[in-house]
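Take a look at the letters that make up each chain.
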Amino acid sequence: MNLIELFARTLDITLPVFAMVFLGIVLKRLRLIDRTFVSTASTLVFRATLPTLIFLSLIKADMSVALDIPLLLFFALATLAQFFASWLWARYRVPYKERGIYVQGAFRGNGGVVGLALAAGMYGNYGLSAGSLLLGLVIVLYNVLSVWVLSAYQPGKTTRWPSLLKKIATNPLIIAVLLAIPFAALSVELPRWVMTSGNYFASLTLPLALICIGATLSAASLRDGRAVALSSSVMKMIVLPAVSTVAAWLCGFSNEQLGLLFLFFASPTAAASFVMAKAMGGNVTLAANIIALTTIMASLTITLGIFALRLLGWI
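Residues numbered from 1 in each chain as written. Predicted model: local features only at pLDDT ≥ 70, side-chain atom pairs only at ≥ 80, totals over all residues. Heavy atoms only, no water.

Caption draft 1: Summary view of the nonpolar core. Counting residues in each nonpolar core, the largest one holds 105 residues, and the members touching the most others are Ile54, Val103, Leu210, Leu260, Leu261, Leu263 and Ile302. For this core, the leading source of residues is helix H6 (residues 111–152), giving 22 residues. Apart from residues no more than four positions distant in its own chain, Leu263 is found in contact with Gly115, Leu118, Ala119, Met122, Ile302 and Ile306. (Core = buried A, V, L, I, M, F, W, Y, C linked by side-chain atoms within 4.5 Å. Buried < 20%, exposed > 50% of the residue type's maximum accessible area, 1.4 Å probe, protein only. Helix = DSSP H or I, 4+ residues; strand = E, 2+ residues; numbered from the N terminus. Contact = heavy atoms within 4.5 Å.)

If you want it as structure tokens, here you go:
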């Protein structure tokens, strides 16, 4: 396979995902969708269609393959390493009041939508099932670490751990993972009509979520605090994914495992980081800028990353 064919195959994976994001931008510009639609659709995805997609992908999975303990352990440790590396850098390079937002933007990825969408496009059912387990694990880490770093730089804001633990325990995505594992482990088969209806409903998830991401992007929001937002975005989309992926390869991960790790490492900053920043009284403009920049950058950085890994023969 020559370089042109290799790059074309890479685009076959990434372009459909980011085409939906840019479609969201176009639909918003044409006023075919508005903020009310985005808010309602985002809630539907988070509370219903995405949990359904995760549940169905796991109960259909071969858990002997999807439940990869070394992969989960490495991903957890890498996430912690990314968090502390971002925080260490921010202590010396970022203004005090903006450090919490910077760190959260640099390490908290959108694995629930972009990561899963790319994993499904690249590895099919394996990508969805193994990716769902990674997502269930990282949701806990993302929430705990984000509250920790944001509260550290917001005077008067204290971490309410009981409330945080309650939110984690009632997170629909985590509940979907926990419910699905016994079904998969015991090979419980649901009626065909239930599976078919569930698949119809779950199929709404990725296109709807990606369109909503595009609809929330705003060029006007990028005017303030661009230097810090750009620094956090470069850390999120280039530095940390590159270092973490090389570390994974050195630890012996390759092929589907390494590809899946890269896709989750390289996902743009999660939209939930804006909600968290707002709840903690942080700089929401900076949080929004980081989300917008990383989402825009992702179409290029992820495509080039997959291309480079395939060129090296690592995936």
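Let's pick the thread back up.
Caption draft 2: Layout of empty space enclosed by the protein. The tally for this structure, following the rule as stated, stands at one cavity of 30 Å³ or more. In this structure, the largest cavity encloses a volume near 40 Å³. Around the largest cavity, the lining residues are Phe75, Thr79, Gln82, Phe107, Gly109, Tyr142, Lys236, Phe264 and Phe265. Among the secondary structure elements, those contributing two or more residues to the lining of the largest cavity are helix H4 (69–93) and helix H12 (255–265). (1 Å grid on protein atoms, 1.4 Å probe; cavity = no way out; pocket = protein on both sides within 12 Å on 5 of 7 lines; lining within 4 Å. Points joined across faces, edges and corners; volume = space filled by probe spheres on them.)

Caption draft 3: Structural detail: the packing of H6 against H12. With their axes 9 Å apart at the nearest point, H6 and H12 run at an angle of 155° to one another. Accordingly, the angle class assigned to the pair H6 and H12 is roughly antiparallel. The hand of the H6/H12 crossing is right-handed. Split into classes, the residues belonging to the contact of H6 with H12 amount to twelve nonpolar, seven polar and one charged. (Axes fitted to C-alpha atoms, helices over the stretch in contact; angles between N-to-C directions. Parallel < 35°, antiparallel > 145°, perpendicular 65-115°, else oblique. Left-handed = near helix turned anticlockwise from the far one by under 90°. Nonpolar A, V, L, I, M, F, W, Y, C, P; charged D, E, K, R; others polar.)

Caption draft 4: Expanded view of the layout of surface pockets. One number sums up the size of the second largest pocket: a volume of about 230 Å³. Considering the residues around the second largest pocket, the lining is formed by 13 residues, among which Ile238, Pro241, Ala242, Phe262 and Gly305 are closest to the centre. Counting residues per element, the ones that place at least two in the lining of the second largest pocket are helix H11 (226–250) and helix H14 (284–312). Looking at the lining of the second largest pocket, the element that brings in the most residues is H11, giving six residues. Considered class by class, the residues forming the lining of the second largest pocket number ten nonpolar, three polar and no charged.

Caption draft 5: Representation of H6 in the model. The end-to-end C-alpha separation of H6 is 25 Å, well short of the 62 Å expected for 42 residues at 1.5 Å each. When the local axis directions of H6 are compared, the greatest deviation, roughly 150°, occurs at Tyr123. (Expected span 1.5 Å × (residues − 1). Bend = angle between axes of the 7 residues up to and from the residue.)

Caption draft 6: Broad picture of the packing of helix H2 (residues 35–59) against helix H10 (residues 205–216). One can describe the packing of H2 onto H10 by two numbers: an axis separation of 9 Å at closest approach and a directional angle of 150°. As far as their axial angle goes, H10 and H2 are roughly antiparallel. The chirality of how H2 crosses H10 is left-handed. Contact with H2, carried on its side by Phe37, Val38, Ala41, Ser42, Leu44, Val45, Thr49, Leu50 and Leu53, involves Thr205, Leu206, Leu208, Ala209, Cys212, Ala215 and Thr216 of H10 and no other residues of that element. Here the residues of the contact of H2 with H10 are counted per class, giving twelve nonpolar, four polar and no charged.

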